Amino acid sequence: MDKYSLYAAQFLGFKEHFLPKGHHACQGCGVALAVRHVYKALDRYNVAIENANWQIPWSPHLPLDTTSHPNTTTPSLLTILKKGKDEQISAPLMICFDNETSKNGADTTNLLKRIPAIAAAAGYTYAATACPSHPFDLIEKVRTGWERHGAAYIHILCPCPVAWGFEPQYAVRIGRMAVETRIFPLYEIAGGYYRITCEDEYPRPVKEYIKAQKRFAAWSAKKIESFEQDVKAAYDMLIGQCRTSSSQ
Amino acid sequence: MALGGITFKHEKVGCAMLAGGNAHPYAPGTKPELLPVWDKNLCVRCALCYIYCPHAAINRLDDGFFGVNQNFCTGCGICHRECWFGAVSMQEVD
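Please read all numbers here as calculations on a predicted model, not as lab measurements.

Asker: Which residues make up the overall build of chain B, and what values do they have?
Answerer: Regarding its fold elements, chain B presents 2 helices and 6 strands. Starting at the N terminus and walking to the C terminus, you meet the elements of chain B as β-β-β-α-β-β-α-β. Split into buried and exposed, the 94 residues of chain B put 35% on the buried side. In chain B, 54% of the contacts between residues at least 6 apart in sequence involve partners at least 24 apart. Only carbon and sulfur atoms are counted for the fraction: they give 53% of the accessible area of chain B, which is about 6,000 Å².

Asker: Talk me through unusual backbone geometry; I want residue IDs and the actual numbers.
Answerer: All names here are of chain B. Its identity is not glycine, yet R45 carries a phi of approximately 60°, on the positive side. Checked against the element boundaries, R45 lands in the loop between β3 (35–38) and α1 (48–51). Not every positive phi belongs to a glycine, and A56 is a case in point at roughly 55°. Structurally, A56 can be placed in the loop between α1 and β4 (58–60). The class for A56 is buried, based on a relative accessible area of 12%.

Asker: Please provide a residue-by-residue account of the interface of chain A and chain B, values included.
Answerer: Opposite the 34 residues of chain A that make contact, chain B presents 26 residues. When the buried surface of chain A facing chain B is broken down by residue, L6, F14 and Q169 of chain A rank first, second and third, together holding 26% of it. For the interface between chain A and chain B, the tally reads 1 salt bridge. Residue R176 of chain A pairs with E82 of chain B through a salt bridge whose shortest N-O separation is 2.9 Å. Seen at the junction of chain A and chain B, the total is 12 residue pairs in polar contact (both at pLDDT 80 or more).

Conventions used here
- Residue numbering note: each chain is counted from 1, following its sequence as written.
- Chains and ligands are labelled by the order in which they are written, letters from A for the one and numbers from 1 for the other.
- Only residues with pLDDT of at least 70 are given local features in this predicted model, and only at 80 or more are side-chain atom pairs given and counted; all residues enter the totals for whole chains, interfaces and linings.
- Side-chain figures throughout are based on the complete set of non-hydrogen atoms in the structure, without hydrogens or water.
- Per the convention used, a helix needs a DSSP run of H or I reaching at least four residues, while a strand needs a run of E reaching at least two, with both numbered from the N terminus.
- Burial classes follow relative accessibility: with a 1.4 Å probe on protein chains only, a residue under 20% of its type's maximum area counts as buried, one over 50% as exposed, and anything between as partly exposed.
- In what follows, a contact means two residues having at least one pair of non-hydrogen atoms within 4.5 Å.
- Working definition of accessibility: Shrake-Rupley area with a 1.4 Å probe, residue cover restricted to the visible protein chains.
- Summed over both partners, the accessible area lost on bringing two parts together, with a 1.4 Å probe, is the buried area.
- The term salt bridge refers to a pairing of a side-chain nitrogen on Lys or Arg with a carboxyl oxygen on Asp or Glu at a separation within 4 Å.
- Polar contact is defined as a pair of N or O atoms within 3.5 Å, subject to the rule that within protein one atom must be able to donate a hydrogen and the other to accept it, and that residues adjacent in sequence are counted only when both atoms are side-chain atoms.

Here it is, written out as structure tokens:
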């Protein structure tokens, strides 16, 4: 990283499309940050995001009637229909804002995401994972998903200070920790080809991520150890898929 | 109004507001405990605080430095934590 890449945020522009006036998000909300990045990414395409299918509890585009809100324990989903050049073919760009607040969210099986692989197997031409702690990666993936022909799915991990139990000022840092410990590796599946977009040779210990959050307070040392092995196995499987898909 | 020796200067019994016009709406995050303050000697204008603000409360000023919109800031402190140079500090602002 050279010294000028620090200034990359200047190239995104300072025009703000995300209206914070009406939203009721908490301090350090990861979903709000991710939604803002999605707005920034789709800025150049003249997309009317307000007319898309919102399933976000605190969205300013929904009425304040709590009975009509979707269940907050389900992941928030944003579906935008992409219009083809001939206006006949339309495919969805689906973005899942996952803050892991479901009832069994702290379970080991739910922490390791396999939904992008399922989406790719179901015929989505582009599936990817992203995190708002890596904003340029997220913006690049949303733009790629919009420009590619066919349906696209993007899974965004959004740290939630309230449900996960950490200070709001660490919201971005916890998301970065999830990427660096390889619990939530950033990769994309473009037309069947796997590619890891953010790779570190030496990962952080998984224990750091577990100890930083109160939702894992009940975890024993044995469980953490078995979870470490699960993370390693999942990442090895991902690397194997990268190799096999590129060699074909 | 006196109640057993205790005197209430402003409030009626039960804190009832008898006259209208006592309440007016606040924007979300109007009264955060702490607000970010930029040290212009340390700031290099890299816009990292701007890109990491969840509530879009940070805006660029005319001289290239950054300022906060007090109506939208919730005082979460992400900008303070993510600044590489320690230019953003959280301070109590009246």
